[in-house]
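Structural characterization, general
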Amino acid sequence: MVASAVRRHNAQAPAQRRIRHRLLHTGQHYERNLSDVFFDQLPLPKPHHALGVGSGSHGAQTGVMLERIESVLQQEKPDVVVAYGDTNSTLAGALAAAKLHIPVAHVEAGLRSFNRKMPEEINRVATDHLSDLLFCPTRSAIEHLHAEGIRKGVALTGDVMLDAVLRFAPLAQKKTLRRLKLQPSQYALVTVHRAENTDNPKKLAEIVTALAGLSVPLVFPMHPRLRNRLASEKLYAPLKKELDHAAHLQIIDPVSYLEMLALEASARMVLTDSGGVQKEAYFLGVPCITLRDETEWTDTLAHGWNRVVPPEANKLVPLARSLWLRNGASPAGKANLRAFGNGQAAEKIVQAIVHHLRPNGRNLRKDP
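For clarity, every value in this text was computed on a predicted model and none was experimentally measured. (Residues numbered from 1 in each chain as written. Predicted model: local features only at pLDDT ≥ 70, side-chain atom pairs only at ≥ 80, totals over all residues. Heavy atoms only, no water.)

Time to look at the environment of R321. Locating R321 in the fold gives a position in helix α15 (residues 313–325). According to the relative accessible area criterion, R321 is partly exposed, its value standing at 40%. Filtering out sequence-adjacent residues up to four positions away, R321 remains in contact with G213 and L214. (Helix = DSSP H or I, 4+ residues; strand = E, 2+ residues; numbered from the N terminus. Buried < 20%, exposed > 50% of the residue type's maximum accessible area, 1.4 Å probe, protein only. Contact = heavy atoms within 4.5 Å.)

Attention shifts here to the sheet that holds strand β9 (residues 218–221). The strand order across the open sheet formed by 6 strands is β10-β9-β8-β11-β12-β13, and the pairing between neighbours is parallel. Of all strands in the sheet, those with a lone pairing partner are β10 (249–252) and β13 (306–308), marking the two edges. The average angle at which neighbouring strand axes cross in this sheet is 20 degrees, direction not considered. Both strand β11 (residues 269–272) and strand β12 (residues 288–290) contribute to a ladder of 3 bridges, which runs parallel. (Pairing = 2+ DSSP bridges. Axes fitted to C-alpha atoms, helices over the stretch in contact; angles between N-to-C directions.)

A separate point is the packing of helix α4 (residues 88–99) against helix α5 (residues 119–130). Following both chains from N to C, one finds α4 and α5 inclined at 25 degrees, their axes separated by 9 Å at the closest point. By the criterion of interaxial angle, the relationship of α4 to α5 is roughly parallel. When the axes of α4 and α5 are compared, the crossing they make is left-handed. Where α4 abuts α5, its residues N88, T90, L91, A94, L95 and A98 lie against N123, A126, T127 and L130. Taken together, the residues that form the contact of α4 with α5 break down as 6 nonpolar, 4 polar and no charged. (Parallel < 35°, antiparallel > 145°, perpendicular 65-115°, else oblique. Left-handed = near helix turned anticlockwise from the far one by under 90°. Nonpolar A, V, L, I, M, F, W, Y, C, P; charged D, E, K, R; others polar.)

It is worth spelling out empty space enclosed by the protein at this point. Under the defined criterion, the tally for this structure stands at 3 cavities of 30 Å³ or more. The computed volume of the largest cavity comes to approximately 50 Å³. V190, I207, A210, L211, L214, L271, L291 and L316 are the residues that line the largest cavity. When residues of the lining of the largest cavity are assigned to their parent elements, the largest contribution, 4 residues, is made by helix α10 (residues 201–214). (1 Å grid on protein atoms, 1.4 Å probe; cavity = no way out; pocket = protein on both sides within 12 Å on 5 of 7 lines; lining within 4 Å. Points joined across faces, edges and corners; volume = space filled by probe spheres on them.)

Across all of its chains, the model carries 18 salt bridges by this definition. Ionic pairing is found between K46 and D40, a salt bridge with its closest N-O pair at 3.2 Å. For D40, a relative accessible area of 42% puts it in the partly exposed group. A salt bridge links K315 to E312; the shortest N-O distance between them is 3.3 Å. Connected via shared salt-bridge partners are D86, E120, E121, R124, R194, R292 and E296. (Salt bridge = Lys/Arg side-chain N within 4 Å of Asp/Glu carboxyl O.)

Let us now look at the nonpolar core. Counting 32 residues, the largest nonpolar core has L214, L218, F220, L230, M269, L271 and I289 as the members making the most contacts within it. Looking at this core, the elements that each hand over two or more residues are β8 (188–191), α10, β9, α11 (224–232), α12 (236–246), β10, β11 and α15. Sorting elements by how many residues they give to this core places α15 first, with 7 residues. Once residues lying within four places of it in the same chain are set aside, the contact partners of L230 are L204, V208, M222, L235, Y236 and L239. (Core = buried A, V, L, I, M, F, W, Y, C linked by side-chain atoms within 4.5 Å.)

With that settled, consider the environment of M161. Within the fold, M161 resides in helix α7 (residues 160–168). With 119 residues separating them in the primary sequence, M161 and E280 have C-alpha atoms 7.7 Å apart. Setting aside residues up to four positions removed in sequence, M161 forms contacts with E108, G276, K279, E280 and F283.

Right under this line is the structure:
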């Protein structure tokens, strides 16, 4: 998803009135609970442009996005294109804008896992080097950019995801716990979706073995793609049978953003390979085990709130059991939310865009 923004013609109005924001939805994520539900539950405008790209190989998906985004940008003629995160949509939006000589603003700039086998890492690095404005969620992100020789246009804004958690966590749908018959701090939340795990039969088998060996209540929102993958590797049936018998696993359909916040906030611990989920767990003060070899969110590792562990059963099981027995307590110290800003990242980003356009003397297009 990318968004283009232009300033309104009334120069005396507040900044938020001088920005006309046009939302472009590529359709990379198209399932209801990964797309439509955000617009239904949160105060977001409906996308002004829905490209409906859908799934596909990285090259095919990015190529189609690039062509369709370029067409929209030629029609809209925005002053800035704002690209979020590290998806194929992010890269396609940044590349389309750069080729049309439209300034690019990257939200979540400077993150690095230093694993070029991750498609997200390629997207991050390429987008940062295409961008004119680089909005960093943490100081470590700025240091990564400086190490790559990127200094111009770099700003520390804080994390827009912290903005969202602080605003929407109180609205999280607690009825989710009632529906699933869950008690706070009496279950571990599991999510697995990254290709490095789901497309690697050995890693997938290790994760299944670890979950089967934990013997603690687990809630696992599972994407249909992962169900199909487990079935094709003949792992789903034995997992379901063994854990159903032990009565400590609930495999459920993917949930909405607010439902996920409720599950995260009330979990005793989280096991995930998601960058967003590990970060939200940190914001909510819930210990997390990240099922990967590295993380781009290194600030979450402070005081042991997040542990990065390769998906190997002999490493995962003892650590998870230890965290469970500690009843979610951190080894030492509180989660340092200040490392991610003060919950006003979005305001800082808008102000920085306006400031960038003004001194450059750009003639911002007026509203029709």
